[in-house]
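Residue-level listing of the chains:
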Amino acid sequence: MSIQESATARPAGRPRSEKAEKAIIEATLDLIAAGMGVSELTIEAIASKAGVGKTTIYRRWSNKEDLIVDALATLKAPMPELSGTSVRDDLISLVEAMRKESGEKRGRCVMNIAMSEADRYPRLMERFLKRAVEPRREAMRGVIERGVATGELRPDLDVDMGMALISGAMLWHTKWGPAGALPRDLAQRVVDAALAGMAP
């Protein structure tokens, strides 16, 4: 096969560069973690920090909001494997994942955007919640509903309220609690405090 024939045999378009995508995601997270809000964040700034051209970004993301959603979603660690041995153990696993994420600077930037930008960018938050938050919320709901079914939790338990008690306690410690690293036993303490009101 000649060089010309070989060239024409290649598929059209450039191959996606994982290295470039990683650099773009990293640059986006670095800028957000440095305190740049959604409004201030620009494709130009991201491209400059990532060392790529704007067209490289637009080839992969149609707009800034889509890029931010994908970037923030990478901060969510994989769902912890739940043993299913007890409601307490599974809830602690879920809450411990939240504790570890909140201890990272980039992880905190997710909370900052959620608290300050949700009203201004509802579509961004809707997409982010669906992609990164909803799976964890449904996992917690499943654990609590299982506890009601097995008798580990009260039969008249308001499942949404139970979820709010646990998530709200973690939010308080993450956003408004004492400065410094979150206590290593925080997940156990939060779950045990919630279960005190949720047990039969």
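Keep in mind that what you see is a predicted model, and the values were worked out from it rather than measured.

1. Here we look at the confidence of the model for the chain
Low pLDDT means the predicted atomic positions in that stretch should not be read closely.
Phase 1 of the analysis: With 84% of its residues at a pLDDT of 70 or more, the chain shows a mean pLDDT of 83.
Phase 2 of the analysis: Every residue in residues 1-15 scores below 50 in pLDDT, and together they form two contacts with partners more than four places removed in sequence or on other chains.

2. Let's talk about the pattern of salt bridges
Phase 1 of the analysis: The final tally for this structure, using the stated rule, is ten salt bridges.
Phase 2 of the analysis: Note that arginine 88 and aspartate 192 form a salt bridge whose closest N and O atoms lie 2.7 Å from each other. Here the residue arginine 88 occupies a position in helix 6 (residues 87-102), and aspartate 192 occupies one in helix 10 (residues 186-198), the gap between them amounting to 104 residues.
Phase 3 of the analysis: If you follow the salt bridges from partner to partner, you end up with Glu138, Arg141 and Asp160 in one network.

3. Let's talk about the environment of lysine 76
Phase 1 of the analysis: Counting through the fold element by element, lysine 76 comes out in the loop between helix 5 (64-73) and helix 6.
Phase 2 of the analysis: Using a relative accessible area of 26% as the deciding quantity, one classes lysine 76 as partly exposed.
Phase 3 of the analysis: Taking the C-alpha atoms as reference points, lysine 76 and alanine 132, separated by 56 residues in sequence, lie 6.5 Å from one another.
Phase 4 of the analysis: Setting aside chain neighbours within four positions, we find lysine 76 in contact with Glu101, Phe128, Ala132 and Arg136.

4. Quick look at the nonpolar core
Phase 1 of the analysis: Counting 27 residues, the largest nonpolar core has Ile24, Ile46, Ile57, Leu67, Ile68, Leu72 and Leu124 as the members making the most contacts within it.
Phase 2 of the analysis: Broken down by secondary-structure element, the contributors of at least two residues to this core are helix 2 (18-33), helix 3 (43-50), helix 5 and helix 8 (122-150).
Phase 3 of the analysis: Other than its neighbours up to four places away in sequence, leucine 67 contacts Ile24, Ile25, Thr28, Ile43, Ile46, Ile57 and Trp61.
Phase 4 of the analysis: Listed in part, the 23 residues of the second largest apolar core include Leu91, Leu94, Met140 and Val143.

5. A closer look at the packing of helix 9 (residues 159-176) against helix 10
Phase 1 of the analysis: The interhelical angle for the contact between helix 9 and helix 10, taken along N-to-C directions, is 145°, at an axis separation of 10 Å. For helix 9 against helix 10, the interelement crossing comes out right-handed. Two secondary-structure elements touch here, helix 9 through Gly162, Ile166, Ala169, Met170 and His173 and helix 10 through Leu186, Val190, Ala194 and Met198.
Phase 2 of the analysis: Looking at the contact of helix 9 with helix 10 residue by residue, the classes come out as seven nonpolar, two polar and no charged.

6. Observations concerning the side chain of serine 86
Phase 1 of the analysis: Structurally, serine 86 is set in the loop between helix 5 and helix 6.
Phase 2 of the analysis: Within the structure, serine 86 has its side chain in polar contact with the backbone nitrogen of aspartate 89 (distance 3.0 Å).
Phase 3 of the analysis: Discounting chain neighbours no more than four positions away, the residues touching serine 86 are Arg146 and Glu152.

7. Observations regarding helix 8
Phase 1 of the analysis: For helix 8, the principal kink sits at valine 133 and spans about 55°; a proline, proline 135, occurs within the next four residues.
Phase 2 of the analysis: Once helix 8 ends, the next one or two residues include glycine 151, with phi positive near 90°.

Reading guide: rules and limits
- Residues numbered from 1 in each chain as written.
- Predicted model: local features only at pLDDT ≥ 70, side-chain atom pairs only at ≥ 80, totals over all residues.
- Heavy atoms only, no water.
- pLDDT = per-residue confidence, 0-100.
- Contact = heavy atoms within 4.5 Å.
- Salt bridge = Lys/Arg side-chain N within 4 Å of Asp/Glu carboxyl O.
- Helix = DSSP H or I, 4+ residues; strand = E, 2+ residues; numbered from the N terminus.
- Buried < 20%, exposed > 50% of the residue type's maximum accessible area, 1.4 Å probe, protein only.
- Core = buried A, V, L, I, M, F, W, Y, C linked by side-chain atoms within 4.5 Å.
- Axes fitted to C-alpha atoms, helices over the stretch in contact; angles between N-to-C directions.
- Left-handed = near helix turned anticlockwise from the far one by under 90°.
- Nonpolar A, V, L, I, M, F, W, Y, C, P; charged D, E, K, R; others polar.
- Polar contact = N/O pair within 3.5 Å; in protein donor to acceptor, adjacent residues only side chain to side chain.
- Bend = angle between axes of the 7 residues up to and from the residue.

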